[in-house]
Amino acid sequence: LAATALGLAYGVELPTIARGLEAVEVLPGRLERVMAGQNYAVLVDAADSPESLQACLRAARSVTDGRLICVFGAGEHTRREHLTALGRVAGSLAALAVITADASPGRSGDGFSRTIVSGFTNPQKAHVILDRVEAIAFALDQADEGDTVVLVGLGDRTYPNPAASGLPCDDADVA
């Protein structure tokens, strides 16, 4: 809708806008599917608020036959008052939640993770692995056929991968 409104504001004709929108196949980091030959789904999304996490996980749940596994974290861009609510959402919608840091260099994420876990009704569903690359690897290792692993929070934003000498990567590349 925003793209359409902007196009119309700049005088682009509606049929031209419609053709452009129809040509879009993927929005990177917006429920982006990662296909690497696995027998379960992997989705990458930029959700970073309780409301957007809830929408993301509900959408993923609606197309998942098995378990929903969620990897998410908090960082400098996350509002502190959202942390408990993020835990509450992930704890209620995901079968397994892996809480990680946002991959910012020099940030431990430990304080954020404790506050997020406090939002879980069942804290046993929460696994804290602060290294984001390790957290993703753990979640993928837990997945079985029919499950969906959702990597949430960064979308298509890159971060340094310590396993690759700090070269930039993103969640889709890691998966």
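Look above for the structure.
Criteria and thresholds
- Residues numbered from 1 in each chain as written.
- Predicted model: local features only at pLDDT ≥ 70, side-chain atom pairs only at ≥ 80, totals over all residues.
- Heavy atoms only, no water.
- Helix = DSSP H or I, 4+ residues; strand = E, 2+ residues; numbered from the N terminus.
- Buried < 20%, exposed > 50% of the residue type's maximum accessible area, 1.4 Å probe, protein only.
- Contact = heavy atoms within 4.5 Å.
- Areas by Shrake-Rupley, 256 points an atom, 1.4 Å probe, with all protein chains shown as cover.
- Core = buried A, V, L, I, M, F, W, Y, C linked by side-chain atoms within 4.5 Å.
- 1 Å grid on protein atoms, 1.4 Å probe; cavity = no way out; pocket = protein on both sides within 12 Å on 5 of 7 lines; lining within 4 Å.
- Points joined across faces, edges and corners; volume = space filled by probe spheres on them.
- Nonpolar A, V, L, I, M, F, W, Y, C, P; charged D, E, K, R; others polar.
- Polar contact = N/O pair within 3.5 Å; in protein donor to acceptor, adjacent residues only side chain to side chain.
- Salt bridge = Lys/Arg side-chain N within 4 Å of Asp/Glu carboxyl O.
- Pairing = 2+ DSSP bridges.
- Patch = residues over 30% accessible without salt bridge, like charges linked within 9 Å, V, L, I, M, F, W, Y side chains within 5 Å.

Draft legend 1. Representation of the overall build of the protein in the model. Scanning the protein from N- to C-terminus turns up 7 helices and 8 strands. Taking all 175 residues of the protein together, 45% fall into the buried category. Excluding contacts between residues fewer than 6 apart, the proportion of contacts in the protein whose partners are at least 24 apart in sequence is 69%. If you sum the accessible surface of the protein, you get close to 9300 Å²; carbon and sulfur atoms cover 53% of it.

Draft legend 2. Looking closely at unusual backbone geometry. The backbone of Leu-31 shows a phi angle near 50°, a positive value even though the residue is not glycine. Positionally, Leu-31 belongs in the loop between helix H2 (14-22) and strand S1 (32-33).

Draft legend 3. Just the nonpolar core, in detail. Counting residues in each nonpolar core, the largest one holds 23 residues, and the members touching the most others are Leu-53, Phe-72, Val-150 and Val-152. Of all the elements in the fold, those that place two or more residues in this core are helix H3 (50-62), strand S3 (68-74), helix H4 (83-93), strand S4 (96-101), helix H5 (110-117) and strand S6 (148-152). What Phe-72 contacts, discounting residues up to four positions off in sequence, is Leu-86, Ala-90, Ala-97, Val-98, Ile-99, Thr-100, Ile-116, Arg-132 and Val-152. Residues Val-133, Ala-143, Leu-154 and Tyr-159 belong to the second largest nonpolar core, which totals 21 residues.

Draft legend 4. The arrangement of empty space enclosed by the protein in detail. The full count for this structure, using the stated rule, is 2 cavities of 30 Å³ or more. Of the voids in this model, the largest cavity is the one considered here, and its volume is about 50 Å³. Around the largest cavity, the lining comprises 10 residues; the ones closest to its centre are Ala-47, Asp-48, Phe-72, Gly-73 and Leu-86. In terms of residue class, the lining of the largest cavity is built from 5 nonpolar, 4 polar and 1 charged.

Draft legend 5. Just the side chain of Thr-64, in detail. Tracing the sequence through the fold places Thr-64 in the loop between H3 and S3. For Thr-64, a relative accessible area of 9% corresponds to the buried category. Within the local environment of Thr-64, its side chain forms a polar contact with the side chain of Thr-148, the two groups lying 2.6 Å apart. For Thr-64, the contacting residues outside a window of four places in its chain are Gly-146, Asp-147 and Thr-148.

Draft legend 6. Molecular detail of the pattern of salt bridges. Inspection of the entire model under this criterion finds 3 salt bridges. Of the charged contacts in the structure, one is a salt bridge between Asp-144 and Arg-67, with a shortest N-O distance of 4.0 Å. Pair noted here: Asp-144 is in the loop between helix H6 (132-142) and S6 and Arg-67 is in the loop between H3 and S3, with a separation of 77 residues, a long-range link. Assessed through its relative accessible area of 47%, Asp-144 is described here as partly exposed. On the basis of relative accessibility, which here comes to 30%, the residue Arg-67 falls in the partly exposed class. Between Asp-171 and Arg-132 there is a salt bridge, with its nearest N and O atoms 2.8 Å apart.

Draft legend 7. Molecular detail of the sheet that holds strand S5 (residues 126-128). Sheet architecture is open: 6 strands sit in the order S1-S2-S6-S3-S4-S5, paired in mixed fashion. Looking at strand neighbours, the two that pair on one side only are S1 and S5, the edges of this open sheet. As paired elements, strand S2 (residues 41-45) and S6 share 5 bridges and run parallel to each other. In the sheet register, Val-42 faces S6, and the bridge partner there is Val-149.

Draft legend 8. Representation of a nonpolar patch on the surface in the model. The grouping of Leu-6, Tyr-10 and Val-12 at the surface amounts to a nonpolar patch, some 340 Å² of accessible area in total. Structurally, Val-12 can be placed in the loop between helix H1 (2-9) and H2.

Draft legend 9. View of the pairing of S2. Counting buried positions over the 5 residues of S2 gives 5, a clear majority of the element. In S2, alternate side chains face the same way, and those of Ala-41, Leu-43 and Asp-45 on one face and Val-42 and Val-44 on the other are all buried.

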